[in-house]
2 protein chains.
Amino acid sequence: MGWMLGAAALVSLAALGWSAYATYSVARRDAGSPRMREIQAYIREGAWAFMIAEAKVMAITMVVVAGVLWAVFYWEVSLAFLIGSGLAMAAGFIGMNAATLANARTTHAAQRSLKEALTVAFSGGSVMGMAVAGLAVGGLALVIALFRREFDPAVLYIHTKTIFGIPGADVNFIKGALIISAYSAGASLVALFDRVGGGIYTKAADMAADLVGKVELKIPEDDPRNPATIADNVGDNVGDVGGLGADLLESFVGAVISAIVIALYVYVGRFNPDIQDLMAKFGLGDRITADFWWFALLPILFVAGGIVACLIAIAYIRFSRREKDMQGILMNGTRLGAVLTAGFAALTTWLSPFNWIPFLSAIMGIASGIGIGFVSEYFTSSRYKPTRELARAYQSGPAIGVTEGMAVGMLSALWPCLIIAAATVLAYQMGGLLAVAYAALGMLSFVGMTVSVDSYGPIADNASGIATMAKLDPQVREKTDQLDSIGNTTAAIGKGFAIGSAAFAALGLIAAYLWSAAGRADEVHVPNIPIISPEVGGLVVAGMIVGAMVTYVFSALLIRSVSRTADVMVQEIRRQFRENPKIMSGEATPDYKRCITITAHGGVRRMVLPSLLALGMPLFVGLLFGRYTLAGFLVGALLSAIMLAIYCGNAGGAMDNAKKYVEEGHFGGKGSPAHAAGVVADTVGDPLKDTVGPSLDILIKLMSVISLLFASLFPVIPFFLR
Amino acid sequence: MGWMLGAAALVSLAALGWSAYATYSVARRDAGSPRMREIQAYIREGAWAFMIAEAKVMAITMVVVAGVLWAVFYWEVSLAFLIGSGLAMAAGFIGMNAATLANARTTHAAQRSLKEALTVAFSGGSVMGMAVAGLAVGGLALVIALFRREFDPAVLYIHTKTIFGIPGADVNFIKGALIISAYSAGASLVALFDRVGGGIYTKAADMAADLVGKVELKIPEDDPRNPATIADNVGDNVGDVGGLGADLLESFVGAVISAIVIALYVYVGRFNPDIQDLMAKFGLGDRITADFWWFALLPILFVAGGIVACLIAIAYIRFSRREKDMQGILMNGTRLGAVLTAGFAALTTWLSPFNWIPFLSAIMGIASGIGIGFVSEYFTSSRYKPTRELARAYQSGPAIGVTEGMAVGMLSALWPCLIIAAATVLAYQMGGLLAVAYAALGMLSFVGMTVSVDSYGPIADNASGIATMAKLDPQVREKTDQLDSIGNTTAAIGKGFAIGSAAFAALGLIAAYLWSAAGRADEVHVPNIPIISPEVGGLVVAGMIVGAMVTYVFSALLIRSVSRTADVMVQEIRRQFRENPKIMSGEATPDYKRCITITAHGGVRRMVLPSLLALGMPLFVGLLFGRYTLAGFLVGALLSAIMLAIYCGNAGGAMDNAKKYVEEGHFGGKGSPAHAAGVVADTVGDPLKDTVGPSLDILIKLMSVISLLFASLFPVIPFFLR
């Protein structure tokens, strides 16, 4: 055990070391002219202020939840929860800090060469990628090392605890499983707040800036006269960087702990014939007792190997000396990362007492992620038919444009669902729910790379904004725009990974929940949840319906939060232009701060209700209606969330890129009726793709991990049927 | 048995008698001026031509499916299928015929008094309501009487048949269950074609007429200069009348046969202890053998009672002498129908050997339907907050308008889902899946009334169109518009019934499928489908994901069909105005026929792919992946379809009514920016609420009944796991 956690800690330190080095290598560069520095300072200040305000709300929630965990379970559980949430918050701050340092420096570098700009932007992004991976795996190793007594195979058994001393209120769980679940739940809760808050912020600012700027006043994107430009650029950093980092950290943690939790339950139930069949599938036979640590901690070694692979790939991209075909560098780096990740997975599997099933499951996870990524790319890139046809439909006006865009999004569900379904069946047949968890693990062990590329996009975006706001030579903006488009294909793959990994991580967490729910006193068996059965059938179906409904209500709350915050912002922008005509002529500086305050306020205030819904619903359903109903609830929510997330992501992406395709001069180009329709469609698609879609990914994981954490509290048969 | 089927046949004749009488009473009225007659003739001709073209495509499909049924099973199954499809087609034609007779006569009557116009329009609608109910129950009684040998309790057992003589390809089923399933499947397939074809027709015509007429040329709705007006009015008849009739007929049949199929399986398995527990819940004990006919045919008596109740309520409305408060007459009639339906249900339950559970389940079904109806009304009527706030949001432009409209639709899923979930749990706890089927039955036994009121809406709509096209005094149009709004609340309840009944009917059919799938050779047991289990767990989850995906792809195909057909139509309308400027000045008549031909062609051609998808997917999944996977598939599709149908229906309804609210003079009234945004939002919402939503209702029922029909062919364990 010792060497495994030691290795994980070393890898974690290496990853964090890279983050520190990359931050330093960005920070020591020149940020350009005083005007550029000034703009950057505005953005940094806005981003820090928002994330601190957000952190305050989170801190209160965390303390309350930690208190509940202490009261119900143990102080160790409570502490693990706080560690998880603290690290997730830290990941958001570290990434946002680097991104807001890198933006102006990227612009400045672009004045010299495209290659240099790429280096700065990518370095900035890699800070986040490595911080996420390093913190996640380091934190987990820390938690396990701290409470190693609870993972000792000699004392691993199903605890029974009487809640608050109430007679009959006995709950059963493995304490170690509870502790790492709490760690994961802490990270998830922060991720949801970050994603929802950041998502509302970024899209409200974006919509408002576009609606008044582009549509009403016909001034270009990022024009310094628009009071909302700075808020729009802040949004990229808090939503697309900060939110994303916390999100992927929690996917990563969720995938690892679900595999470990299942392993712990399997170990405890190792004498049950059903479970022996399952272990035989993994080629384990009786070696599970002797090789307990391999069995339990293989997931950590898996992801540690992935981090090393990503580190090598990132270094390759960062230090590449090629001056041309930069898209090629990114793609090669991504490929290198994928191959090395697979290689490390093969190595650790080979060293372990397992047969090849964990490795094969992981490979299938990686392949599914890439497959889903290519489908997203096909449906949302203007290089392919769907988006081009959508651009053509824009000629028939905004109504047909939006309608066709929705159709593209719905149609795009076809292949990702088939891929996820096929991967689920294959993994399940290979090794039950544990193999499904390994598929998730495979996908996530590649996370360092996808986060790095994903965070590089918003940095390039910001760099473009700064170029326009600082009134630099238009050639600079052309270069930064090019930078942005270089990362597009890799970013689309990243999005596919996000949806795919969310689906698998949630399945893994649901699986872990089911194993925990099936474990009672000294008996553990392979879970079996009936959709339709004489005893609880109606409850499970009802749970599924309510679970599916919750994702719709959650989405509605988010959409409404964005559009209402944007509405307040629109009034403010109009007011500024009306009350001070000098803003329009460029003689006066608009009041950027007020706009930043409005969106920040909207983001923080409006993130609370959806987050509490996500936190509260599993508890409500589980406590009142029991474990089976909650299982149905989670499955219903997962199904519905996968569909909505794919639909929202791809509809929004296609609407956006079809508009850009028109802007490139097709179907009348800028200023044509097709363009006007495209702007409307893009505005409709914006909250779908950047607020609802990503938040749904977290919603299902958070609800699953909360269920896992509190599983033991939920009755088997609800009170009204006893 | 004899008297039960006799009673059903009598009730059926009474219902059909009312249809004939009401058609006659409408037809003998004056259709008004020559101009009105001419317009009516155009509409009638267009509607007949389209429905005949549609019928040809259907006929080919029916013959193919009937051939397959004959080849695989028996000629009796094939014949039952053809009877079901023939009657469903007939229901569509009878309703459409009456509606296209009633439209101009309603306009003419409105020149005299509002009350008279209501009488004509409602009579026209009641033709459809009673035809649907009469044909459905009459046809079922006929099929059972024809093949009564297969329902004889003395010979009721699980047949085993070797398919095509292939060794090992043995399938097991109850032949009687197969025959009535085929009857239901025939009706469903016609319903889907009618709904999809009619839905594409009506919305493509509507969108195109609005986009060129209202948005581009600023001419009012139904202006005779617009070449698409006639097509638009034809659409109301083929989509909202013809499609609706076939749809509700199949819900009705599906609800009845699922309860009978379950009863047949329960009877065959009556010696199994599990099933004896279930029978005990219904207070049946050992009386099931003696009272077999009560047990099997109670569903038919239930709905026959409902038809009598509706007939009385319809007569009350039709012959009411009150001249004022016509909304009150409609509401009172609906209430009377509901109370009488409940009364008849109580009476038949009391006469039967059952305890009160069938009655209580049915009441719960009726109550859920009304509850869901009121929620729809709340979210889509401009008398309440959500739609008024949406109208306010229109002031911020089309993008925010569409976005907020989507949020309203998503939010509206909350209560209907809770109602459906609660009703499912309660019914299930009372009497398992059989009670769920009775809940569906309760909802559907009220169908005569809801169809009558629902078909009355499009007649009033058409009457308004004719008033404008014939250039009558604007007061006439005011009256017909008033007629339309009088029916709104009752129609909203009808929509709630449609969604709720679809959900329950599909659950009932899925339940019947599960009972059939669980019946093997001489053993029948209570079905038990695991979501997660050692053997088939992965398959069921994968099935759910694919099922949910199919509803999205189906919706995308429909949306696209509408917008592409509308697009062709827009080009044609523009061409006519461009090539003949006299059309705009009113000196020349536009070429209505060409527009009718274009939409008809689009509707017929584009209905094929989605319909084949719905027909083929359950067969594909079942044959390749087995019974459990298909069960997951159906549950996933049901979940996703319920959500999407509620979302689409209410988002579209709210967008439409918010626009009307603006037109009434709020937030700037007609011609204001809010109105322009409202027109865009309404156009986006149109295909959602009138094409996608209703078609999804049928999709899930059709897929469920196809699964039920072919259940015995699907392997228990798929070939690749053997």
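Caption draft 1: Here's a closer look at the overall build of chain A. Check the secondary structure of chain A and you find 22 helices and 3 strands. Against the globule reference of 27 Å for 722 residues, chain A gives a C-alpha radius of gyration of 25 Å, in line with a compact fold. Overall, the C-alpha framework of chain A stretches about 80 × 55 × 45 Å when taken along its three principal axes. With 722 residues in all, chain A has 68% of them scored as buried. Within chain A, contacts between residues separated by at least 24 positions form 86% of all contacts whose residues are at least 6 apart in sequence.

Caption draft 2: Expanded view of the relation of the copies chain B and chain A. After a rotation of 180° and a shift along the axis of 0.0 Å, chain B superposes on chain A with an RMSD of 0.0 Å. Taken together, the rotation and translation describe the operation of a two-fold axis. Residue Pro530(B), judged by its C-alpha, is the member of chain B lying nearest the rotation axis, at 1.9 Å.

Caption draft 3: Structural view of the interface of chain B and chain A. Taken together, the contacts link 67 residues of chain B with 68 residues of chain A. Within the residue set of the side of chain B that touches chain A, elements represented by two or more residues are α5 (175–216), α13 (398–411), α14 (414–444), β3 (529–532), α18 (537–579), α21 (608–663) and α22 (673–710) of chain B. The biggest single contributor to the side of chain B that touches chain A is α18(B), with 19 residues. Of the residues in the side of chain B that touches chain A, the class split is 48 nonpolar, 15 polar and 4 charged.

Caption draft 4: Structural detail: the packing of helix α4 (residues 114–146) of chain B against α5(B). All names here are of chain B. It is the contact of α4 with α5, at a shortest axis distance of 10 Å, that shows an interaxial angle of 150°. In terms of axis orientation, α4 runs roughly antiparallel to α5. As for the relative orientation of α4 and α5, their crossing is right-handed in sense. Between α4 and α5, the residues in contact are Gly-139, Leu-140 and Val-143 and Ile-179, Ile-180 and Tyr-183, respectively.

Caption draft 5: Up close: the environment of Ala470(B). Residues and elements named next belong to chain B. Looking at the secondary structure, you find Ala-470 in the loop between α15 (447–469) and α16 (474–486). Overall, the presence of 21 C-beta atoms within 10 Å leaves Ala-470 in the buried class. The sequence separation of Ala-470 and Val-408 amounts to 62 residues, and the corresponding C-alpha distance is 38 Å. When residues no more than four places from it in sequence are discounted, the contact partners of Ala-470 are Ser-33, Arg-35, Met-36 and Ile-39.

Caption draft 6: View of helix α7 (residues 273–281) of chain A. Residue and element names in this part refer to chain A. Those residues of α7 lying buried are Ile-275, Leu-278 and Met-279. The arc enclosing the buried residues of α7, seen along the axis, measures out at 100°, which places them on a common side. With respect to the buried face of α7, the exposed residues turned more than 90 degrees away are Pro-273, Asp-277 and Ala-280. Taken from the residues just after α7, Gly-283 is the one with a positive phi, measuring 70°.

Caption draft 7: Region of the structure containing unusual backbone geometry. Not every positive phi belongs to a glycine, and Lys471(A) is a case in point at roughly 50°. As for its position among the elements, Lys471(A) is in the loop between α15 (447–469) and α16 (474–486).

Caption draft 8: α14(B), seen in detail. Residue and element names in this part refer to chain B. In a regular helix each residue adds 1.5 Å, so 31 residues correspond to 45 Å; α14 covers only 23 Å between its end C-alpha atoms and thus falls short of that length. Along its length, α14 shows its largest kink, about 130°, at Gly-431. Among the 31 residues of α14, 25 are classified as buried, and the element is accordingly described as predominantly covered.

Caption draft 9: Region of interest: the environment of Gly245(B). Residue and element names in this part refer to chain B. Relative to the assigned elements, Gly-245 resides in helix α6 (residues 229–268). You can call Gly-245 buried: it has 32 C-beta atoms within 10 Å. Sequence spacing of Gly-245 and Ser-452 is 207 residues, and the spatial spacing of their C-alpha atoms is 9.5 Å. For Gly-245, the residues in contact, after removing those within four places along its chain, are Ala-91, Gly-92, Gly-95, Met-128, Val-132 and Val-451.

Caption draft 10: A look at the packing of helix α13 (residues 398–411) of chain A against helix α21 (residues 608–663) of chain A. Residue and element names in this part refer to chain A. Running from amino to carboxyl end, α13 crosses α21 at an angle of 135°, the nearest separation of the two axes being 7 Å. The orientation of α13 with respect to α21, classified from their angle, is oblique. Where α13 crosses over α21, the handedness of that crossing is right-handed. When α13 is examined against α21, the residues Gly-405, Met-406, Val-408, Gly-409 and Met-410 are found in contact with a partner set consisting of Tyr-647, Cys-648, Asn-650, Ala-651, Ala-654 and Met-655.

Caption draft 11: Representation of the confidence of the model for chain A. Averaged over all residues, the pLDDT of chain A equals 89, while 98% of them reach at least 70. Here the prediction assigns the complex a pTM of 0.94, and the interface score ipTM is 0.93.

Caption draft 12: Main features of the environment of Asp223(B). Residue and element names in this part refer to chain B. Relative to the helices and strands, Asp-223 resides in the loop between α5 and α6. Classification of Asp-223 as partly exposed rests on a count of 16 C-beta atoms within 10 Å. Those residues in contact with Asp-223 that sit more than four places away from it in its chain are Gly-213, Thr-229 and Thr-468.

Conventions used here
Residues numbered from 1 in each chain as written. Chains lettered and ligands numbered in written order. Predicted model: local features only at pLDDT ≥ 70, side-chain atom pairs only at ≥ 80, totals over all residues. Helix = DSSP H or I, 4+ residues; strand = E, 2+ residues; numbered from the N terminus. Rg over C-alpha atoms; globule rule 2.2 N^0.38 Å. Buried ≥ 20, exposed ≤ 12 C-beta atoms within 10 Å, placed from the backbone. Contact = placed C-beta atoms within 7 Å. Least-squares fit on C-alpha atoms with pLDDT ≥ 70 in both. Nonpolar A, V, L, I, M, F, W, Y, C, P; charged D, E, K, R; others polar. Axes fitted to C-alpha atoms, helices over the stretch in contact; angles between N-to-C directions. Parallel < 35°, antiparallel > 145°, perpendicular 65-115°, else oblique. Left-handed = near helix turned anticlockwise from the far one by under 90°. Arc of directions from axis to C-beta. Expected span 1.5 Å × (residues − 1). Bend = angle between axes of the 7 residues up to and from the residue. pLDDT = per-residue confidence, 0-100.

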